[in-house]
Amino acid sequence: MNRFVMKCGGSTLAALPDAFFQDLRELQESGVQPVIVHGGGPAINETLGKLGIESRFVNGLRVTDEATLEVVEMVLAGRINKEIVRKLQQNGAKALGLSGTDGRLIEAQPVANADEIGFVGDVAGVNAELIEGVVALGYLPVIAPIGIDAQGQRYNINADTAAGAVASRLGVDSMIVVTDVPGIMRTVDGEKKVLPQVTFADIEEMIGSGEIYGGMIPKVRAAMKCLHGDVREVVIVDGAEPRVLSRAVREGGIGTRIVRE
Ligand SMILES: Nc1ncnc2c1ncn2[C@@H]1O[C@H](COP(=O)(O)OP(=O)(O)O)[C@@H](O)[C@H]1O
Ligand SMILES: CC(=O)N[C@@H](CCC(=O)OP(=O)(O)O)C(=O)O
């Protein structure tokens, strides 16, 4: 595999060890081209809390009014994006941070229920040439999930959704979703087990039964959407496991692999 999109969730970002970033650097040096799309939900909640703004979610998506949008952009495109770039650079990688508004990287349109949740976007287009240009210069793109429309309006986009769209439009083989659990888990005989592989049918069944809930839902939905295109596999892994990325890219047998059937 030469190119992959990695989505890194806010649940795990702060705890990612130097070894994780060194692993990324080694992959980059060996000719693999990672593209990072990151989240930062917990950091947004924290800053909103400090400002006395309440966090509210509908089906896992943040209700985003003008004041919230201001904070979302500040935290994602500012603090978190730059923190990831700094950590990559400290560990010897070449990285360039971008928000989805820069160079119209992520073209957005309002979600269908925008009257209910405000400035939340779906991805209408991705400037793949810009990402490819950054990669061709030898930099690892680090993308914050803020989108922009033709009128210049910004939108808050769920990071799993943004990552899935970037993976699709780049036509990469694989998307790796790094989170705070070792994969999709299911309780079998009273014991929680990580499922090595799940199909679309398994996912629908587990959402229906409530075994997949909360923050796992946008991940599996984004996974299924991009697997309808050129992306061959989506792997959900735990950022705390040693050499998690190179194992997922080179060896397999880690986390949960989502496949069409
Ligand atoms: N079947 C499942 N297996 C594992 N985790 C699940 C499952 N269903 C829901 N989850 C929840 O999804 C969470 C990961 O989503 P989230 O907290 O949004 O992470 P991130 O910040 O990485 O996007 C897990 O911590 C867990 O609480
Ligand atoms: C619309 C929407 O909900 N956007 C998310 C964007 C960040 C995100 O998705 O971060 P995680 O990956 O850490 O969850 C939010 O405002 O929290």
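Everything here concerns the structure above.
None of the values given here were measured: they were computed from a predicted structure.

Analysis parameters
- Residues numbered from 1 in each chain as written.
- Chains lettered and ligands numbered in written order.
- Predicted model: local features only at pLDDT ≥ 70, side-chain atom pairs only at ≥ 80, totals over all residues.
- Helix = DSSP H or I, 4+ residues; strand = E, 2+ residues; numbered from the N terminus.
- Rg over C-alpha atoms; globule rule 2.2 N^0.38 Å.
- Buried ≥ 20, exposed ≤ 12 C-beta atoms within 10 Å, placed from the backbone.
- Contact = placed C-beta atoms within 7 Å.
- Axes fitted to C-alpha atoms, helices over the stretch in contact; angles between N-to-C directions.
- Parallel < 35°, antiparallel > 145°, perpendicular 65-115°, else oblique.
- Left-handed = near helix turned anticlockwise from the far one by under 90°.
- Nonpolar A, V, L, I, M, F, W, Y, C, P; charged D, E, K, R; others polar.
- Near = placed C-beta within 6 Å.
- Pairing = 2+ DSSP bridges.

Draft legend 1. Representation of the overall build of the protein chain within the structure. Helices and strands together make up the secondary structure of the protein chain, namely 10 helices and 16 strands. Taken against the 2.2 N^0.38 rule, which gives 18 Å for 261 residues, the C-alpha radius of gyration of the protein chain at 17 Å falls within 12% of a compact globule. Taken along its principal axes, the extent of the C-alpha atoms in the protein chain is 45 × 45 × 35 Å. Across the 261 residues in the protein chain, those meeting the buried criterion constitute 46%. Looking at the protein chain alone, contacts between residues at least 24 apart form 74% of all its contacts between residues at least 6 apart.

Draft legend 2. Looking closely at the packing of helix 7 (residues 159-170) against helix 9 (residues 216-227). One can describe the packing of helix 7 onto helix 9 by two numbers: an axis separation of 8 Å at closest approach and a directional angle of 15°. For the element pair helix 7 / helix 9, the angle class is roughly parallel. Judged by the twist between their axes, the crossing of helix 7 over helix 9 is right-handed. Residues Asp160, Thr161, Ala163, Gly164, Ala167 and Ser168 of helix 7 touch helix 9, and the partners they reach there are Pro218, Lys219, Ala222, Ala223, Lys225 and Cys226. Of the residues assigned to the contact of helix 7 with helix 9, the class counts are six nonpolar, three polar and three charged.

Draft legend 3. Broad picture of the site of ligand 2. Ligand 2 sits among 17 residues. The nearest are Gly10, Gly39, Gly41, Arg62 and Ala159. Elements with a minimum of two residues in the shell around ligand 2: helix 1 (10-13), helix 3 (41-50) and strand 4 (61-62).

Draft legend 4. Focus on the site of ligand 1. Around ligand 1 lies a shell of 17 residues, among which Gly9, Ser11, Thr179, Gly215 and Met216 are the nearest. In terms of residues, the shell around ligand 1 owes the most to one element, helix 1, which gives three residues.

Draft legend 5. Seen up close, the environment of Gln197. Of note, Gln197 is situated in strand 14 (residues 197-198). Owing to 14 C-beta atoms within 10 Å, Gln197 belongs among the partly exposed residues under this scheme. Taking the C-alpha atoms as reference points, Gln197 and Ile184, 13 residues apart in sequence, are found 8.7 Å from one another. Ignoring anything within four residues of it in the chain, the contact list for Gln197 reads Thr256, Arg257 and Val259.

Draft legend 6. A look at the sheet that holds strand 14. In space, the eight strands of this open sheet follow the order 5-8-2-1-11-15-16-14, with mixed pairing throughout. The sheet is open, and its two edges are formed by strand 5 (95-99) and strand 14, each paired on a single side. One ladder, built from five bridges, connects strand 1 (residues 3-8) with strand 11 (residues 174-179); its direction is parallel. Bridge pairing links Lys7 to Val177 in strand 11. Against the sheet, helix 9 makes contact with strand 11, strand 15 (233-238) and strand 16 (256-258), and its axis sits at roughly 155° relative to strand 15, the strand it touches most.

Draft legend 7. How the structure looks around the packing of helix 3 against helix 4 (residues 66-90). Contact pair helix 3 / helix 4: the axes reach a minimum separation of 9 Å and the direction vectors enclose 125°. In terms of their interaxial angle, helix 3 and helix 4 are classed as oblique. Considering the relative orientation of helix 3 and helix 4, their crossing is right-handed. Judged by residue contacts, Ala43, Ile44, Thr47 and Leu48 of helix 3 engage Thr68, Val71, Val72, Val75, Arg79 and Ile80 from helix 4.

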